[in-house]
Amino acid sequence: MTKDTLTSDDWIKAAFRALTAGGVQAIRAEAIARDLKVSKGSFYWHFKDVADLKAKMLAHWACEATDAIIAEVEASQLPAEDRLRLLVLAATDDRTLPYGGLLADSAVREWARFDAVAAMTLKSVDERRLGYIADLLGLCGFSAKGGRSGASALYGALIGLEALAANGLADLRADLLRLLEALLDNRATR
């Protein structure tokens, strides 16, 4: 690859792989260039500096891991219950592989513990995701309070199950779908 064939998305994906494997301190132009098998000069073709890369990583993550998935689910125009199922399928598919796999979101969460910009982005993403799930649950007949509670349970399970699944201790998709079905089966009490 050369600086002419690499896109900023290629660099962002490689930076996420570095983040997932080694934490925020692993986001370094030289190391990422080595991973991509290009010169460090290629990095500056796309980014002013590492801080610029990090800002673009967070914006990319918010868009691709949240907004794009919600748009995809909404475009299906399925009933709300089926959109929830589709949301679980999208959230557990292999689209995270180019970003370092299942632990990419966890790596962003860890980054956010020590970085105000990452924390603000994470909070915004979490609010958007929780709100979307709660809205869908509301369309399924949940009260506002029940929808928020159900959204927290489903989203919290996703966060925890990602870590368990990365260690082979859970079946992320199957377990989330079972939890969703249990929530939907108990909606009358919500």
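Our subject in this report is the structure included herewith.

Analysis parameters
Residue numbers run consecutively from 1 along every chain, following the written order of its sequence. A pLDDT threshold of at least 70 governs which residues receive local features in this predicted model, and a stricter bar of 80 or more applies before side-chain atom pairs are shown or counted, although totals over entire chains, interfaces and linings include all residues. Side-chain numbers here rest on the full set of heavy atoms in the structure, without hydrogens or water. Joining through side-chain atoms within 4.5 Å is the link that ties buried Ala, Val, Leu, Ile, Met, Phe, Trp, Tyr and Cys residues into a set, and such a set is a nonpolar core. The buried label applies to any residue whose accessible area, calculated with a 1.4 Å probe on protein chains only, is under 20% of its type's maximum; exposed applies above 50%, and partly exposed to all values in between. Secondary structure elements follow DSSP: runs of H or I of four or more residues count as helices, runs of E of two or more count as strands, with numbering from the N terminus. Definition used for salt bridges: Asp or Glu carboxyl oxygen within 4 Å of a side-chain nitrogen of Lys or Arg. The arc in question is the one spanned by the directions pointing from the helix axis to the C-beta atoms. Only heavy atoms matter for contacts: two residues are in contact if any of them lie within 4.5 Å across the pair. Only C-alpha atoms enter the line fits that serve as axes; for helices the fit covers just the stretch in contact. Angles between N-to-C directions range over 0 to 180 degrees. Roughly parallel means an angle under 35 degrees; roughly antiparallel means over 145; roughly perpendicular covers 65 to 115; every other angle is labelled oblique. By convention, the crossing between two helices is left-handed when the near helix turns anticlockwise from the far helix through less than a right angle, and right-handed when the turn is clockwise. Residues are grouped as follows: Ala, Val, Leu, Ile, Met, Phe, Trp, Tyr, Cys and Pro are nonpolar; Asp, Glu, Lys and Arg are charged; all remaining types, including Gly, are polar. Side-chain rings of Phe, Tyr and Trp, where Trp is taken by its six-membered ring, are said to pair if the distance between their centres is within 6.5 Å; with planes under 30 degrees apart they count as stacked, over 60 as edge-to-face, and otherwise as tilted.

Describing the nonpolar core
Now for step 1: Among the nonpolar cores identified, the biggest contains 31 residues, and Trp11, Phe16, Leu19, Ile32, Leu53 and Met57 are the most heavily contacted of them.
Now for step 2: No other element matches the seven residues that helix H1 (residues 8–22) contributes to this core.
Now for step 3: Core analysis: the second largest hydrophobic core is formed by 27 residues, Tyr132, Cys140, Phe142 and Leu183 among them.

Considering the pattern of salt bridges
Now for step 1: Counted according to the given criterion, the structure contains 14 salt bridges.
Now for step 2: Residues Arg85 and Glu81 are paired through a salt bridge, measuring 3.4 Å at the closest nitrogen-oxygen approach. Here Arg85 pairs with Glu81, and both are found in helix H5 (residues 80–91), just four residues apart, close to one helical turn.
Now for step 3: When its relative accessible area of 24% is taken as the criterion, Glu81 is described as partly exposed.
Now for step 4: For Arg113, the salt bridge identified is with Glu110, shortest N-O distance 2.9 Å.
Now for step 5: Judged by its relative accessible area of 39%, Glu110 is partly exposed.
Now for step 6: Ionic contacts of the salt-bridge type, sharing partners, join the residues Glu81, Asp82, Arg85 and Glu181 into one network.

A closer look at unusual backbone geometry
Now for step 1: Even without being glycine, Lys37 reaches a positive phi, approximately 60 degrees.
Now for step 2: For Lys37, the position within the fold is in the loop between helix H2 (29–36) and helix H3 (40–46).
Now for step 3: At Gln77, a residue that is not glycine, the phi angle is positive and equals roughly 55 degrees.
Now for step 4: Within the secondary structure, Gln77 sits in the loop between helix H4 (50–75) and H5.
Now for step 5: The exposed category is assigned to Gln77, whose relative accessible area is 71%.

Side note on H2
Now for step 1: Every buried residue belonging to H2 is among Ala29, Ile32, Ala33 and Leu36, and all of these are buried. End-on, the buried residues of H2 take up no more than an arc of 105 degrees, which puts them together on one face.
Now for step 2: Buried residues belonging to H2 abut H1, H3 and H4.

Description of the packing of H1 against H4
Now for step 1: Contact pair H1 / H4: the axes reach a minimum separation of 10 Å and the direction vectors enclose 90 degrees. Taken together, H1 and H4 sit at an angle that is classed as roughly perpendicular. In this structure, H1 contributes Asp9, Trp11, Ile12, Ala15, Phe16 and Leu19 to the contact, and H4 contributes Leu53, Lys56, Met57, His60 and Trp61.

Quick notes on the packing of helix H8 (residues 144–166) against helix H9 (residues 172–185)
Now for step 1: At a minimum axis separation of 10 Å, H8 and H9 run at an interaxial angle of 165 degrees. Looking at the two axes, H8 sits roughly antiparallel to H9. In the packing of H8 onto H9, the handedness of the crossing is right-handed. On H9, the residues that touch Gly150, Ala153, Leu154, Ala157, Leu158, Leu161, Glu162 and Ala165 of H8 are Leu172, Asp175, Leu176, Leu179, Leu180 and Leu183.
Now for step 2: Grouping the amino acids of the contact of H8 with H9 by side-chain chemistry returns eleven nonpolar, one polar and two charged.

Considering the packing of aromatic side chains
Now for step 1: For the structure on display, the rule yields four aromatic pairs.
Now for step 2: Ring geometry for Phe16 versus Tyr99: centroids 5.7 Å apart, planes at 80 degrees, classification edge-to-face. Here Phe16 is found in helix H1, whereas its partner Tyr99 is found in the loop between H5 and helix H6 (104–112), with 83 residues between them in sequence. The burial state of Phe16 is the same as that of Tyr99; both residues are buried.
Now for step 3: Here the aromatic cluster, defined as three or more aromatic residues joined through ring pairs, consists of Trp11, Phe43, Tyr44 and Phe47.

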